[in-house]
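Here's the letter readout for the chains.
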Amino acid sequence: MKLDVDVLRYLTKDDFRVLTAVEMGMRNHEIVPSELIGRIASLKHGGTYKVLKNLLKHKLVHHDSSKYDGFRLTYLGYDFLAIKTMVNRGVFTAVGRQIGVGKESDIFEVASEDGTVMAMKLHRLGRTSFRAVKSKRDYLRHRSSYNWLYLSRLAALKEFAFMKALEEHGFPVPNAVDSNRHCVVMSLIQGYPLVQVKQLQNPETVFETIIGLVVRLAEHGLIHCDFNEFNIMIDDDEKVTMIDFPQMVSVSHRNAQMYFDRDIECIYKFFGKRFNLSFEERSDDIDNSDVDPDESSRPSFSSIAKTSGFLDKELAASGFTRKDEDEIQKFIEGDVEEDDVSHSEHDSELYQTNIKGFDSLHLDQEEPTASCNEEDQLDENLQSSEADQSGDPEGQNSNNEMFQEEDDEQKGEEDDTELVKSLAKQRRRAMAAARKGHKNTASRNSYKDKGGKSSNNSKIQKQLSSW
Ligand code: ADP
Ligand code: MG
């Protein structure tokens, strides 16, 4: 699958309204019942069914009727929502080629109006095609019952918060530009991951710099936890930049020592092998009384003066809370229930851009809004439909309490627009009604085409109405 941003231009206001409705439904549902989508989106003429078909055709949603008739967002659908928000905020106007495929992310070049090229990282926690790689890490051996959408959003939020805080403390990291949902926009590093570098002018200096970074991070209360040749960028002047922060932990973490030693070991091993550095003669360091002579120069965790909580203020300012940290850490350490939640195969395919250069989005900058009349209409629709709400599917899949807690606070992830507000209102009311256990009656918006093959949407396709 490719990230064909062209499609973005042809999506209508209603398309985004329904896509956003699916996203909202996913706070409580792995698969959002079609009827709930209809109620949240509450399109004037009950056109949700037609819109869903169009979204399905573009692979922005996935249809699932195994337990009941419903949909979920695909990564592509989630990408489009984040990209659209970024474009509307004026962060960038074009998406270019893919520049990186990480274990749990895809990285693209993006360009702003004035031609500044940046990097956009789309987090992909739970990406199935990476299971082989994942199984190397304890935490990812477990299939999580957590929602990938939520986890990817948390990973992006954490990465953005850490990047900003580290930058403020003078660490060589990319400049954190903006973040939304599972997407982080940052400055583009002109260089290569160290793993691709075969020769260095001054390997010792680079080595010292990198080890110095691990030590300085610890002094600031942090351990990178994935500090290796894949997450260190180096430019032609051999300047080092570190990237990739979602797995960082505090020095007060119970396994801090092990993580610290592992980061150090990775660097020693890599420089030993790739650049034939030998470490026996180095004796510039600490704590060499009771270790092997060839290990004597290694920084030891215990001898570093650590200030834990040093960055807490900055992290909190970025909107990343302790609760967020606990949640993501639970996942990272595999401390989550196993579940047989299945992800469809097209989520696991990698994006490959077919775009040479940049694909300008030329999006209407206006965020889709529900007019006052529309809002009234939404309320009316809802009141009349509350009388015949579906009883269940709410609850069947609400395996994730944190989504419910977040219902009202989660504004930060979307733009604070009328659309989001009105959809959130619809959703709350629909949920409240469903909880009351009204009788199940089929909605006129219900998606009935189980085969999911779209046919009748050429009209919508051609419709280039602005949104
Ligand atoms: P993951 O968490 O999936 O490992 P990374 O953040 O490590 O993702 O990024 C994966 C790859 O993308 C990196 O190895 C690098 O090649 C490229 N990359 C990431 N961020 C940037 C950036 N800011 N500038 C240039 N290249 C980047
Ligand atoms: Mg990485």
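Just above sits the structure.
Residues numbered from 1 in each chain as written. Chains lettered and ligands numbered in written order. Predicted model: local features only at pLDDT ≥ 70, side-chain atom pairs only at ≥ 80, totals over all residues. Heavy atoms only, no water.

## Comments concerning the overall build of the chain
When helices and strands are tallied, the chain shows 17 helices and 14 strands. By sequence separation, contacts in the chain at least 24 residues apart represent 77% of the contacts at least 6 residues apart. (Helix = DSSP H or I, 4+ residues; strand = E, 2+ residues; numbered from the N terminus. Contact = heavy atoms within 4.5 Å.)

## A look at the site of ligand 1
Near ligand 1 lie 20 residues; those nearest to it are S105, K121, I189, N231 and D244. At 3.3 Å from an oxygen atom of ligand 1 is found a main-chain nitrogen or oxygen belonging to F230. The contact in question runs from an oxygen atom of ligand 1 to an N or O atom on the side chain of N231, over 2.8 Å. The protein chains hide 90% of the 550 Å² of surface that ligand 1 would expose on its own. Elements with a contribution of two residues or more to the shell around ligand 1: β4 (94-101), β5 (105-111), β6 (117-123) and β8 (183-187). Residues of the shell around ligand 1, tallied by class, amount to 11 nonpolar, five polar and four charged. (Near = heavy atom within 4 Å. Polar contact = N/O pair within 3.5 Å; in protein donor to acceptor, adjacent residues only side chain to side chain. Areas by Shrake-Rupley, 256 points an atom, 1.4 Å probe, with all protein chains shown as cover. Nonpolar A, V, L, I, M, F, W, Y, C, P; charged D, E, K, R; others polar.)

## Describing the coordination of the magnesium ion (ligand 2)
The coordination sphere of the magnesium ion (ligand 2), as far as protein atoms go, consists of N231 (OD1) and D244 (OD), spread over 2.1 Å. Placement of N231 in the loop between β10 (222-223) and β11 (232-234) and of D244 in the loop between β12 (240-242) and β13 (249-250) is noted, with a sequence separation of 13 residues between them. The exposure classification of N231 matches that of D244, with both residues buried. (Donors = N, O, S within 2.8 Å, 3.2 Å for Na, K, Ca; no water. Buried < 20%, exposed > 50% of the residue type's maximum accessible area, 1.4 Å probe, protein only.)

## Focus on the sheet that holds strand β3 (residues 70-73)
Strand order in the open sheet formed by three strands is β1-β3-β2, and the pairing between neighbours is antiparallel. Pairing within the sheet leaves two strands with one partner each, and these edge strands are β1 (32-33) and β2 (61-64). Sheet topology places β2 next to β3; four bridges connect them, and they run antiparallel. Considered in β3, the bridge of V61 is made with L73. (Pairing = 2+ DSSP bridges.)

## Some details on helix α5 (residues 75-89)
With 15 residues, α5 ought to run about 21 Å at 1.5 Å a step, and its terminal C-alpha atoms sit 21 Å apart, in line with that. Judged by how many residues are buried, α5 sits mostly within the fold: 14 of 15 residues are covered. Taken from the residues just after α5, G90 is the one with a positive phi, measuring 80°. (Expected span 1.5 Å × (residues − 1).)

## Some words on the packing of helix α2 (residues 13-25) against helix α3 (residues 34-41)
How two helices sit against one another is set out by the angle between their axes and by the gap between those axes. Two numbers describe how α2 lies on α3: the axes approach to 9 Å, and their chain directions differ by 120°. Taken together, the axes of α2 and α3 lie oblique to each other. As for the relative orientation of α2 and α3, their crossing is right-handed in sense. Of the residues in α3, those in contact with R17, V18, A21, V22, M24 and G25 of α2 are I37, I40 and A41. Each residue belonging to the contact of α2 with α3 can be placed in one class, and the counts come to seven nonpolar, one polar and one charged. (Axes fitted to C-alpha atoms, helices over the stretch in contact; angles between N-to-C directions. Parallel < 35°, antiparallel > 145°, perpendicular 65-115°, else oblique. Left-handed = near helix turned anticlockwise from the far one by under 90°.)

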